[in-house]
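# Structure at a glance
Letter by letter, the chains look like this.
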Amino acid sequence: MAENVSSEEMQLRRSDFGLRLKNSMDKYGPLCVGIDPHRKLLTDWGYDVDAEGAELFAMRMLQAANGRAAAVKFQAPMFERYGSKGYAALERVLYAARQMGIITIVDCLHGGLPTTISAIADAYFKPGAPLLADAITLLPYYGARSLQGVINDALNNSRGVFVASLTSNPEGASMQTAIRQSGEYKGRTVAYGIAHTAQKFNNGIEGMGSVGLIIGATIGQWMDQSGVEPSKFTGPILSPGYGWQGAEAKDLRTVFKGTKGNVLVTVSRFIAAHGPDIASLSQATEAIALDVRQALMEATEEGELL
Ligand SMILES: O=C(O)c1cc(=O)[nH]c(=O)n1[C@@H]1O[C@H](COP(=O)(O)O)[C@@H](O)[C@H]1O
């Protein structure tokens, strides 16, 4: 049934995720702890490689992140591989994260026909959704506009999304920097069209918007060619690639030069490698949070904060 809400209330909902994430970043800094229960990590930690092991792993990572990071990101396929038991584990760890009050991102990498992906709003965004999360990741390769319906569903429920634009993997850039042959973004790169489409949702919102991009910290050499300008983007930018994938503080400074305090660096294995001991995990989280915060402060120096 359609809800009867005023346009003011709708406006508030559409800016809610960005505002909550920004407040959390101001309080805890720009680190997101990635919770990726890799098989090898479960084994190294002495856990069983099953849904229960993944849940124990996630709970411990949450403990390390709580009060030390702005958000956590759960890697959905690493729960999904255990079928219904894996999904039940993901539901429970999301519930635990909500109880802690930490911002949750589910890295489910959804994308597809508008008519079919509208179903994911029921899974992640609507009140009572089984996998209720603050934001999810989206893949725009059915055309960025195919995501419009699901993005509106997120915004109208006070949630957010992160749309992949320039991914951190080396295979991504050649496709994402391909030049478009027709349409509104003719002559521009694929990544540019995605970033521009995402930005339109943030235009007119005061402060940081709720529609984010994914831009890898590893993609420095492709940045100019892509035409994407992170410094002009006013939604949150989720940036993987620091640590295990080779990016360092200096890469964050280069890729995100001139940004306005809206970059959220997500780090998974580089933190988890210090587990399962909670003191070591917490210490690693703090050290990485500090390094990332310092780098992004330098990148932001001349930029005005959102
Ligand atoms: O969607 C993502 O989060 C993502 C996008 C991207 O371009 N690169 C990327 O590494 N990721 C995810 O970010 C996390 C990075 O993990 P680490 O390399 O272990 O820090 C993994 O969950 C990846 O799936």
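We now turn to the structure provided with this report. (Residues numbered from 1 in each chain as written. Predicted model: local features only at pLDDT ≥ 70, side-chain atom pairs only at ≥ 80, totals over all residues. Heavy atoms only, no water.)

### Concerning the packing of helix H3 (residues 51–65) against helix H14 (residues 278–300)
Contact pair H3 / H14: the axes reach a minimum separation of 8 Å and the direction vectors enclose 50°. Classed by the angle they form, the pair H3 and H14 counts as oblique. Between H3 and H14 lies a crossing whose hand is right-handed. Contact residues: H3 offers Arg 60, Met 61, Gln 63 and Ala 64, while H14 offers Ile 278, Leu 281, Ser 282 and Thr 285. Of the residues in the contact of H3 with H14, the class split is 4 nonpolar, 3 polar and 1 charged. (Axes fitted to C-alpha atoms, helices over the stretch in contact; angles between N-to-C directions. Helix = DSSP H or I, 4+ residues; strand = E, 2+ residues; numbered from the N terminus. Parallel < 35°, antiparallel > 145°, perpendicular 65-115°, else oblique. Left-handed = near helix turned anticlockwise from the far one by under 90°. Contact = heavy atoms within 4.5 Å. Nonpolar A, V, L, I, M, F, W, Y, C, P; charged D, E, K, R; others polar.)

### A look at the pattern of salt bridges
By the definition in use, this model includes 15 salt bridges. Between Glu 184 and Lys 200 there is a salt bridge whose closest N-O contact spans 2.8 Å. Of the two residues, Glu 184 sits in the loop between helix H9 (172–176) and helix H10 (190–202) while Lys 200 sits in helix H10, which places them 16 residues apart along the sequence. The class of Glu 184 is partly exposed, set by a relative accessible area of 46%. Measuring nitrogen to oxygen at the nearest pair gives 3.3 Å for the salt bridge that ties Glu 229 to Lys 232. Lys 232 gets classed as exposed once you look at its relative accessible area, which sits at 56%. (Salt bridge = Lys/Arg side-chain N within 4 Å of Asp/Glu carboxyl O. Buried < 20%, exposed > 50% of the residue type's maximum accessible area, 1.4 Å probe, protein only.)

### Section: the side chain of Asn 262
Along the chain, Asn 262 falls in the loop between helix H12 (249–255) and strand E8 (263–267). According to the relative accessible area criterion, Asn 262 is buried, its value standing at 0%. At 2.9 Å, the side chain of Asn 262 forms a polar contact with the backbone oxygen of Gly 235. Contact partners of Asn 262, with chain neighbours within four places excluded, come to Met 25, Met 208, Phe 233, Thr 234, Gly 235, Pro 236, Ile 237 and Leu 306. (Polar contact = N/O pair within 3.5 Å; in protein donor to acceptor, adjacent residues only side chain to side chain.)

### As for the sheet that holds strand E2 (residues 71–75)
The sheet built from 8 strands closes into a barrel, its strands ordered E1-E2-E3-E4-E5-E6-E7-E8 with parallel pairing. Across the sheet, the mean angle from the axis of one strand to that of its neighbour is 30°, orientation sign disregarded. Pairing of strand E4 (residues 135–138) with strand E5 (residues 160–166), which is carried by 4 bridges, proceeds in the parallel orientation. Pairing of Ala 135 across the sheet is with Gly 160, part of E5. Helix-sheet contacts for helix H8 (residues 148–156) involve E4, E5 and strand E6 (211–215), and the interaxial angle to E5 is about 140°. (Pairing = 2+ DSSP bridges.)

### Some details on the site of the ligand
The ligand sits among 14 residues. The nearest are Asp 36, Asp 107, Ser 168, Gln 245 and Arg 269. At 3.0 Å, a side-chain N or O of Lys 73 approaches an oxygen atom of the ligand. Interatomic distance of 2.7 Å between a side-chain N/O atom of Arg 269 and an oxygen atom of the ligand. Out of a free accessible area of 510 Å², the ligand has 88% covered by protein chains. Elements supplying a minimum of two residues to the shell around the ligand: E2 and strand E3 (103–110). (Near = heavy atom within 4 Å. Areas by Shrake-Rupley, 256 points an atom, 1.4 Å probe, with all protein chains shown as cover.)

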